[in-house]
Amino acid sequence: MTDTLRPAAPRVPGPTGTTREAASRRPERAHTPGSRAQTPAGGRSSTADRPRLYALDGLRLLAAVGVMLYHFTARWSQVWGDDPGAVFPETGPVLIYAALGPEQFFVISGFVILMTAWGRDLPHVVASRVARLFPSYWLAVIATSTLLLFLWPAGKDISVGEALVNLTMLQELFGVRHVDGVYWTLYAELRFYLLIGLLVAWGITRRRLLWVAALWPALGLVAVEAGITPLAALAIDGYAPFFAGGMMLYLIFREGHARAPWLILGGNVVLGVDHAVSWQMTSLTANTIFTPDPWVLGALTVGCFATVAAIALTPLQRLGWAWLVPAGALTYPLYLIHEYWGWWFIDLTAAHLGRWVVLAGAVTLSVMLAVVIHQIEKRVGPPMRRRVEAALRRAPEAESPTARHAQTV
């Protein structure tokens, strides 16, 4: 989940060598605010009656830890005094495949965000996403910017202006560099949330989801290949199949097995493999000393969909390990904070301690920072969600003819 997954760029070292940058024929009814959710096809109970999918929390955390270890032990930098792949020749050839972490996250997001949005209205969906994304993100941007501006300016040359623009989470839209390369995935998530918001405003139905999941990724990849930048941006730069695949998995989980969602899921798996393998072959070859196996990349990309399917559609859905919930809650802050803070610790200690001790220290520091961020987010997020939702609900009332008349009386 780093710059290594963005369009390929040469490895240009900074001062310390870190990289710069079957379909039912029943009539459908759209879900409107306040309406009850549809009865799932086949008489299955609604998702509200089902237990939490604890294993999804564990899968998210596993993906984040994999990305962190990939950054610390395989992705090119000079913080170890040598290429990380040369420092960890035993693990590097395996951990390079953890660079597929963002693809795993995107499939999970397609599943989970659709699950949380179905049957909800737009103010609720917008407020929940804002409160979920921004508190941890702001803390991470401030912490990493402070590190790079004052404590470790050799780590990456950034400016105060760049740090301030990064607080919007829209820096890529403005052509401003990410303070931390991992932030690129948040801009991808924001574009998916925009699509979900449009679907919520339109009214989520099974038929509409099938059409969107079938056409959006295919048209998007055509735009990417043709170089049609605005359309490619709306298609999340080729990552749409992962979100759409997650959406189809949730539809199957919610309404039962049917031919149409499985066929559309299969098509998105094919598109996702085509995109991920070609990109990762270029990226991993450029940013590590290892050459990945395209067949392994393809199999693991399929695995990004298969793991979510296994958790949602097999007895794994009944896994009751409640401790995975607080553990999984660390995924987002750990992903946001680990890269430069971990590299800083490695840069300070690699010449004085054994490699495994240094690696353990970098991981420990990253986890500790993630815990701190999460504890603050738990206190800030809920009141933020309530305030944003209340403000969004007041806005239409203020614009109503009755309200305008009352203001003039």
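Notes on the structure follow. (Residues numbered from 1 in each chain as written. Predicted model: local features only at pLDDT ≥ 70, side-chain atom pairs only at ≥ 80, totals over all residues. Heavy atoms only, no water.)

### With respect to the overall build of the chain
- Tallying secondary structure elements over the chain gives 16 helices and 0 strands in all.
- Per-residue burial for the chain yields a buried fraction of 52% across its 409 residues.
- Split by element, the accessible area of the chain, about 18,000 Å² in all, is 67% carbon and sulfur. (Helix = DSSP H or I, 4+ residues; strand = E, 2+ residues; numbered from the N terminus. Buried < 20%, exposed > 50% of the residue type's maximum accessible area, 1.4 Å probe, protein only. Areas by Shrake-Rupley, 256 points an atom, 1.4 Å probe, with all protein chains shown as cover.)

### Let's talk about the pattern of salt bridges
- Enumeration over the complete set of coordinates arrives at 11 salt bridges.
- For Glu 90, the salt bridge goes to Arg 355, with nearest N and O atoms at 2.6 Å. Taken together, the residues Glu 90 in the loop between helix 2 (84-87) and helix 3 (92-95) and Arg 355 in helix 15 (residues 355-399) connect sequence positions 265 residues apart.
- We classify Arg 355 as partly exposed; its relative accessible area is 27%.
- In this structure, the salt-bridge partner of Glu 255 is Arg 254, at a minimum N-O distance of 4.0 Å. Each of the two residues, Glu 255 as well as Arg 254, counts as buried.
- Through salt bridges with shared partners, a single network forms among Asp 121, Arg 385, Glu 389 and Arg 393. (Salt bridge = Lys/Arg side-chain N within 4 Å of Asp/Glu carboxyl O.)

### Concerning a nonpolar patch on the surface
- Residues Leu 194, Leu 198, Ile 228, Leu 231 and Leu 234 make up a contiguous nonpolar surface patch of about 490 Å² in total accessible area.
- Among the secondary structure elements, Leu 198 is positioned in helix 7 (residues 184-202).
- Overall, the relative accessible area of 53% leaves Leu 198 in the exposed class. (Patch = residues over 30% accessible without salt bridge, like charges linked within 9 Å, V, L, I, M, F, W, Y side chains within 5 Å.)

### Points about the side chain of Thr 301
- Residue position: Thr 301 is located in helix 12 (residues 294-313).
- Not counting the four nearest positions on each side in its chain, Thr 301 is found in contact with Leu 100, Phe 242, Gly 272, Val 273 and Ala 276. (Contact = heavy atoms within 4.5 Å.)

### What about the environment of Val 107?
- Structurally, Val 107 is set in helix 4 (residues 101-117).
- Among the residues examined, Val 107 registers a relative accessible area of 0% and is labelled buried.
- Not counting residues up to four positions away in its chain, the partners in contact with Val 107 are Phe 242, Gly 246, Leu 249, Cys 304, Phe 305 and Val 308.

### A word on the packing of aromatic side chains
- Tallying each qualifying case throughout the model produces 22 aromatic pairs.
- Here the aromatic rings of Phe 106 and Trp 184 are separated by 6.0 Å at their centres, their planes lie at 85 degrees, and the arrangement is edge-to-face. Placement of Phe 106 in helix 4 and of Trp 184 in helix 7 is noted, with a sequence separation of 78 residues between them. Pair check on accessibility: Phe 106 and Trp 184 agree, each one buried. (Phe/Tyr/Trp six-rings, centres within 6.5 Å; stacked < 30°, edge-to-face > 60°.)

### Observations concerning the nonpolar core
- Formed by 102 residues in total, the largest nonpolar core has its most connected members in Phe 111, Tyr 137, Phe 192, Leu 209 and Trp 216.
- Sort the elements by how many residues they give to this core and helix 10 (residues 240-255) lands first, with 11 residues.
- In contact with Trp 216, not counting residues within four places along its chain, are Phe 192, Leu 195, Trp 211, Leu 234, Ala 235, Ile 236, Ala 240, Phe 243, Ala 244 and Met 247. (Core = buried A, V, L, I, M, F, W, Y, C linked by side-chain atoms within 4.5 Å.)

### Remarks on the packing of helix 10 against helix 11 (residues 259-287)
- Look at helix 10 against helix 11: their axes get within 8 Å of each other, and the N-to-C directions meet at 155 degrees. Judged by the angle between their axes, helix 10 and helix 11 are roughly antiparallel. Both helix 10 and helix 11 take part in a crossing whose hand is left-handed. Note on element contacts: helix 11 touches helix 10 through Pro 261, Trp 262, Ile 264, Leu 265, Asn 268, Leu 271, Gly 272 and Ala 276, opposite Pro 241, Phe 242, Ala 244, Gly 245, Met 248, Leu 249, Leu 251 and Ile 252. (Axes fitted to C-alpha atoms, helices over the stretch in contact; angles between N-to-C directions. Parallel < 35°, antiparallel > 145°, perpendicular 65-115°, else oblique. Left-handed = near helix turned anticlockwise from the far one by under 90°.)

### What to know about the layout of surface pockets
- Here the second largest pocket defines a volume of roughly 360 Å³.
- Taken together, 17 residues form the lining of the second largest pocket, with Val 126, Leu 190, Arg 191, Tyr 193 and Leu 194 sitting closest to its centre.
- Counting only elements with at least two residues in the lining of the second largest pocket, the list comes to helix 5 (122-151) and helix 7.
- Among the residues forming the lining of the second largest pocket, the class breakdown is 14 nonpolar, 1 polar and 2 charged. (1 Å grid on protein atoms, 1.4 Å probe; cavity = no way out; pocket = protein on both sides within 12 Å on 5 of 7 lines; lining within 4 Å. Points joined across faces, edges and corners; volume = space filled by probe spheres on them. Nonpolar A, V, L, I, M, F, W, Y, C, P; charged D, E, K, R; others polar.)

### Examining helix 5
- Taking 1.5 Å as the rise per residue, helix 5 with 30 residues should run 44 Å; its terminal C-alpha atoms sit 42 Å apart, in good agreement.
- The largest bend along helix 5 measures about 25 degrees and falls at Phe 134, with the proline Pro 135 one to four residues further on.
- Measuring from the side-chain oxygen of the N-cap residue of helix 5 to the backbone nitrogen of His 124 gives 3.2 Å; that N-cap residue is Asp 121. (Expected span 1.5 Å × (residues − 1). Bend = angle between axes of the 7 residues up to and from the residue. Polar contact = N/O pair within 3.5 Å; in protein donor to acceptor, adjacent residues only side chain to side chain.)

### Structural notes on helix 12
- The first and last C-alpha atoms of helix 12 sit 28 Å apart over 20 residues, in line with the 28 Å expected at 1.5 Å per residue.
- At Cys 304, helix 12 shows its largest bend, some 30 degrees.
- For helix 12, the complete set of buried residues consists of Leu 297, Gly 298, Thr 301, Cys 304, Phe 305, Val 308, Ala 309, Ile 311 and Ala 312.
- Along its buried surface, helix 12 packs onto helix 1 (54-73), helix 4, helix 10 and helix 11.
- The N-cap of helix 12, judged by a side-chain oxygen 2.8 Å from the amide nitrogen of Trp 295 a few residues on, is Asp 293.

### Re unusual backbone geometry
- Its identity as a non-glycine residue notwithstanding, Ile 236 has a phi of 60 degrees, on the positive side.
- Tracing the backbone through its elements, the reader meets Ile 236 in the loop between helix 9 (229-234) and helix 10.
- Residue classification places Ile 236 among the buried residues on the basis of a relative accessible area of 0%.
- The phi angle at Asp 237 is positive, at roughly 55 degrees, despite the residue not being glycine.
- With respect to the helices and strands, the residue Asp 237 is situated in the loop between helix 9 and helix 10.
- Assessed through its relative accessible area of 21%, Asp 237 is described here as partly exposed.

### Examining the environment of Leu 231
- Its location among the elements puts Leu 231 in helix 9.
- A relative accessible area of 48% places Leu 231 in the partly exposed class.
- Between the C-alpha atoms of Leu 231 and Leu 219, which are 12 residues apart in sequence, the distance is 8.5 Å.

Function-wise, these values are silent; they only describe arrangement.
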